[in-house]
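Chain residues, written in single-letter form:
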Amino acid sequence: AQPSASPPLSAPLRDLPWGQLNFLHTTDTHGWHAGHLQEPSFSADWGDYISFAERLHEKADDEGVDLLLVDTGDRIEGNGLYDASDPKGKYTLEIFGEQDIDVICSGNHELYKANSSNNEYDETVPNFLGNYLASNLDIFDPKTGEQRPLAQRYKKFTTKNQGIRILAFGFLYDFTGNANNTVVKKVEDTIKDKWFQQAIRDRDVDLFLVIGHIQLRSQEFARIYRAIREQQWDVPIQFLGGHTHIRDYAKYDSKAYALESGRYMETIGFMSITGLSTGGKSNEAADPDFKPSASPSFSRRYIDNNLFSFYHHTSLNESTFPTEHGRNVSSMISSARKKLQLDKTYGCAPRDYWTNRAPYPSKHSIFSWLGDEVLPGTVCDPKRGDKPRMVLTNTGAIRFDIFKGPFTVDNSYTVSPFTSGFRYIKDVPFSVAKRLLQILNQEVPQLWPASKSFASKMPAQPNQAHTSHGLEHVYQPSEQMRLGKAHTYDEKDLTPGYTTTDDGGSDGDDTIHVPITFFRVPSCLESRIDFPPTSASATHSSDSVEPVLIDLIYVDFIQSYVLLALKFLGTDYQDGDTEVYMQGRDMTSLIAEWVQGHWDCE
Ligand SMILES: Nc1ccn([C@@H]2O[C@H](COP(=O)(O)O)[C@@H](O)[C@H]2O)c(=O)n1
Ligand SMILES: [Zn+2]
Ligand SMILES: [Zn+2]
């Protein structure tokens, strides 16, 4: 990280619970490899993570234990570092590839577009050859057109120091939104495949490692778990998952545990196991009394991604911590950011706007801002003029918060990276259109933003007032940190942050924080624009009369759901009734345009 993003916090930390076998886990990094420039808690970049992994490897080797790195996908889409380049990923593929990852798989985001799955096939898989696993994922080779596994289905290897024999798989959940150049085989079908059934019958295994872009409390992981347990009732299993963007740890049985490590480079997951058999390098030979424990112990830690945590866990400091490799990767990141002009400012936000830290609707809700200000101010296709119109968007299209202050090119992508355009159906009876939102919001989980699952883990507090969580405290490096002074633990000095409760209890986070309040948001929102006013003085859509017909506009990502809901309401609109609205525009560009026109920096 650049000096300005140096460790900001002096918070009490829980140590890493080292074991015989240890993991560092990343997931859903979504292009945030520069770290969070506006949040010191998460300000370490991918170069710092490389230094961290190298330092922990040194430590592991000194102790004679093993350390493995895992990434479970969704590495792309969500940050200017990936999305602002042409082609997308021009810099991040190489930056990401600098980390030495032992087991890696694909997420759904790598597959939405043919271009990005081809990047996986042509660059990321060869870069991590032997370590990239695609247990249920095929691709049509872009050169030959032949259907092939994206990468090998599984791998078996023996750890360097302890000689633990590991059989690893790499799955993706039953994703259906992929472009037509890839094939995702359902997990329930894949586990019936001969290769899988043979693999799980291998008796010379000390640990099954199942990584997946899959949430921990899912049917998919449950099926894989049961399939393995049907053959091997006793062999320890470690699951490492992702996709729901949360910190989570689940116990499947006394020898099978699962970890999920958050999102957006906020969290580096640490997992350890002790008491495994070591058939690959027999400890029994070295120590005739050695016995694997009847019940190995599993332990987890969620590391806040900042240098303060990294220094603590390596017992190093600003001068001794960085490795040359890590420093070089940090330089690659800052040079890419400069070339992409990610710090260019479109305007200055007058306050914070939250996805889940404020109720919707409210003054601080990013969704209220979008529906009440941005969409009415930008959604107008000259070919339809000022016809009354209704815009529908999924809230999942908005991925991150806006902080008070400069709003940059980078922020336009962190808020909404997707290139989904807008489509519309002309002249839809308003009597039908006005009922759509309620139907869409009832139960369409595919539309949920990942953060919805995140919020759903929190106690539901739909009516709770927006709690003050001392954000200035998070954003401003404390005086003590800038001066590098030691800090004594005192509850009133705790900063707001993740306070995770999982199957292991509530001691998983490395940094002890005061909790943040999260709120549920609906799946979709609507914005009504240019409705006929009731009187000349009316300025709000709530002061309008109902039009008979409207243009129904929506982000194309939700078209199938909108058509389904229209069918449910007794109409018969088909794909052919829809047309492009505002050719070439997407949410990213609308937001950038609106900010430029409305948010001055004094
Ligand atoms: N073009 C797109 C693609 C995705 N979304 C939203 O993202 C969600 C999936 O993201 P994960 O990181 O959780 O895999 C999806 O459910 C949509 O909410 C989108 O809006 N537009
Ligand atoms: Zn994700
Ligand atoms: Zn995902």
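Right, let's walk through the structure included here. (Residues numbered from 1 in each chain as written. Chains lettered and ligands numbered in written order. Predicted model: local features only at pLDDT ≥ 70, side-chain atom pairs only at ≥ 80, totals over all residues. Heavy atoms only, no water.)

Description of the overall build of the chain
Right, so step 1: Each helix and strand counted, the chain has 19 helices and 23 strands in total.
Right, so step 2: Scored against the burial criterion, the 602 residues of the chain give a buried share of 58%.
Right, so step 3: Taking the contacts inside the chain whose residues are at least 6 apart along the sequence as the reference set, 78% of them involve residues at least 24 apart.
Right, so step 4: A total accessible area of about 24,400 Å² is found for the chain, and carbon and sulfur atoms account for 49% of it. (Helix = DSSP H or I, 4+ residues; strand = E, 2+ residues; numbered from the N terminus. Buried < 20%, exposed > 50% of the residue type's maximum accessible area, 1.4 Å probe, protein only. Contact = heavy atoms within 4.5 Å. Areas by Shrake-Rupley, 256 points an atom, 1.4 Å probe, with all protein chains shown as cover.)

Quick look at the coordination of the zinc ion (ligand 2)
Right, so step 1: Around the zinc ion (ligand 2), the donor atoms from the protein are D28 (OD), H30 (NE2), D74 (OD) and H245 (NE2), and they sit 2.1 to 2.2 Å away.
Right, so step 2: Sequence spacing of the donors to the zinc ion (ligand 2): D-x1-H-x43-D-x170-H. (Donors = N, O, S within 2.8 Å, 3.2 Å for Na, K, Ca; no water.)

Quick notes on the coordination of the zinc ion (ligand 3)
Right, so step 1: At the metal site, the zinc ion (ligand 3) is ligated by D74 (OD), N108 (OD1), H213 (NE2) and H243 (ND1), and these contacts range over 2.1 to 2.3 Å.
Right, so step 2: Between the zinc ion (ligand 3) and the zinc ion (ligand 2), a spacing of 3.4 Å is present, and a bridge between the two is formed by D74. With H213 in strand β9 (residues 207–213) and H243 in the loop between β10 (237–241) and β11 (247–253), this residue pair connects regions lying 30 residues apart in the sequence.
Right, so step 3: A relative accessible area of 22% means that H243 is categorised as partly exposed.

So, the nonpolar core
Right, so step 1: Of all hydrophobic cores here, the largest spans 133 residues; its most connected members are L24, W46, F169, I224, W369, L552 and I591.
Right, so step 2: Broken down by element, this core gets its largest block of residues, seven residues, from helix α1 (residues 46–63).
Right, so step 3: Those residues in contact with W46 that lie beyond four places of it in its chain are T26, T29, H33, I95, F96, Q99, I101, M265, V329 and I333.
Right, so step 4: Core analysis: the next-biggest nonpolar cluster, separate from the first, contains 23 residues, L21, V103, C105 and I273 among them. (Core = buried A, V, L, I, M, F, W, Y, C linked by side-chain atoms within 4.5 Å.)

Details of the sheet that holds strand β8 (residues 182–184)
Through backbone hydrogen bonds, the strands of a sheet pair up, either in parallel or in antiparallel fashion.
Right, so step 1: With antiparallel pairing, the three strands of this open sheet are ordered in space as β5-β4-β8. At either end of the open sheet lies a strand with only one pairing partner, and these are β5 (147–149) and β8. The sheet shows a mean angle of 30 degrees between the axes of neighbouring strands, taken without regard to direction.
Right, so step 2: Bridge analysis of strand β4 (residues 137–140) against β5 gives three bridges, and the strand direction is antiparallel. (Pairing = 2+ DSSP bridges. Axes fitted to C-alpha atoms, helices over the stretch in contact; angles between N-to-C directions.)

Here's the deal with the sheet that holds strand β18 (residues 422–429)
Right, so step 1: Strand order across the open sheet formed by five strands is β21-β16-β22-β18-β23, with mixed pairing between neighbours. One side of each edge strand has no neighbouring strand; the edge strands of this open sheet are β21 (524–529) and β23 (579–581). With direction set aside, neighbouring strand axes in the sheet form an average angle of 35 degrees.
Right, so step 2: Two strands pair when backbone bridges link them, and strand β16 (residues 389–394) and strand β22 (residues 549–555) are joined in this way by four bridges, in the parallel orientation. Counted as the bridge partner of R389 is D551 from β22.
Right, so step 3: Of the strands in this sheet, β16 and β21 touch helix α11 (residues 366–378), which is tilted by about 30 degrees from β21.

A few points about the state of the cysteines
Right, so step 1: Scanning the entire structure with this criterion turns up one disulfide.
Right, so step 2: Put simply, C348 and C601 are joined by a disulfide, and their sulfur atoms are 1.9 Å apart. The chirality of the disulfide connecting C348 with C601 is right-handed, given an S-S dihedral of about 95 degrees. Of this pair, C348 sits in strand β15 (residues 345–349) while C601 sits in the segment after α19 (587–598), and the two are 253 residues apart along the sequence.
Right, so step 3: Exposure remark for C348: the relative accessible area of 18% places this residue in the buried category. (Disulfide = S-S within 2.5 Å.)

Regarding the packing of α11 against α19
Right, so step 1: Two elements in contact, α11 and α19, have axes separated by 9 Å at closest approach and are oriented at 90 degrees. Here α11 lies roughly perpendicular to α19, going by the angle between them. Residues W369, L370, E373, V374, L375, G377 and T378 of α11 form the contact with α19, whose own contacting residues are M587, L590, I591, E593, W594 and V595.
Right, so step 2: Looking at the contact of α11 with α19 residue by residue, the class counts come to nine nonpolar, two polar and two charged. (Parallel < 35°, antiparallel > 145°, perpendicular 65-115°, else oblique. Nonpolar A, V, L, I, M, F, W, Y, C, P; charged D, E, K, R; others polar.)

A closer look at the packing of aromatic side chains
Right, so step 1: In total, this model carries 37 aromatic pairs according to the counting rule given.
Right, so step 2: Aromatic side chains Y154 and F169 sit 6.0 Å apart centroid to centroid with 35 degrees between the ring planes, which places their arrangement in the tilted category. Of this pair, Y154 sits in strand β6 (residues 154–158) while F169 sits in strand β7 (residues 165–172); the two residues are 15 residues apart in sequence, bridging distant segments of the chain.
Right, so step 3: Seen in terms of ring centroids, W195 and F196 are 5.7 Å apart; in terms of plane orientation they differ by 90 degrees. Their pairing is edge-to-face.
Right, so step 4: Classification of W195 as buried rests on a relative accessible area of 18%.
Right, so step 5: Put simply, the rings of W32, Y264, W354, F400 and F403 pair up and form one aromatic cluster.
Right, so step 6: The ring of F157 has K155 sitting right over it, with the charged end atom 4.3 Å from the ring centre. (Phe/Tyr/Trp six-rings, centres within 6.5 Å; stacked < 30°, edge-to-face > 60°. Lys NZ or Arg CZ within 6 Å of the ring centre and 35° of its normal.)

Thoughts on the pairing of β16
Right, so step 1: Of all six residues making up β16, six are buried, and the element is well covered by its neighbours.
Right, so step 2: Alternating residues of β16 divide into R389, V391 and T393 and M390, L392 and N394, and every residue in both groups is buried.
Right, so step 3: Direction of pairing for β16 relative to β21: antiparallel, over a ladder of six bridges. Bridge pairing in β21 links T393 to L525.

As for the packing of α1 against helix α10 (residues 324–339)
Helices that pack against each other are described as a pair by the angle of their axes relative to one another and the distance between those axes.
Right, so step 1: Where α1 meets α10, the closest approach of the two axes is 7 Å, and the angle between their N-to-C directions is 170 degrees. When the axis of α1 is compared with that of α10, the two are roughly antiparallel. Only H325, G326, R327, V329, S330 and I333 of α10 make contact with α1, whose side of the interface consists of W46, G47, D48, I50, S51 and E54.
Right, so step 2: Partitioning the contact of α1 with α10 into residue classes produces four nonpolar, five polar and three charged.

Remarks on the pattern of salt bridges
Right, so step 1: Applying the stated rule across the entire model yields 32 salt bridges.
Right, so step 2: A salt bridge links D206 to R165; the nearest nitrogen and oxygen atoms lie 2.8 Å apart. Linking D206 in the loop between α6 (194–199) and β9 with R165 in strand β7, this pair joins segments that are 41 residues apart in sequence. For the pair formed by D206 and R165, the shared burial category is buried.
Right, so step 3: Here D234 makes a salt bridge to K255, at a shortest N to O gap of 2.7 Å. Of this pair, D234 sits in the loop between α7 (219–231) and β10 while K255 sits in the loop between β11 and β12 (256–261), placing them 21 residues apart in sequence.
Right, so step 4: D234 gets classed as partly exposed once you look at its relative accessible area, which sits at 31%. (Salt bridge = Lys/Arg side-chain N within 4 Å of Asp/Glu carboxyl O.)

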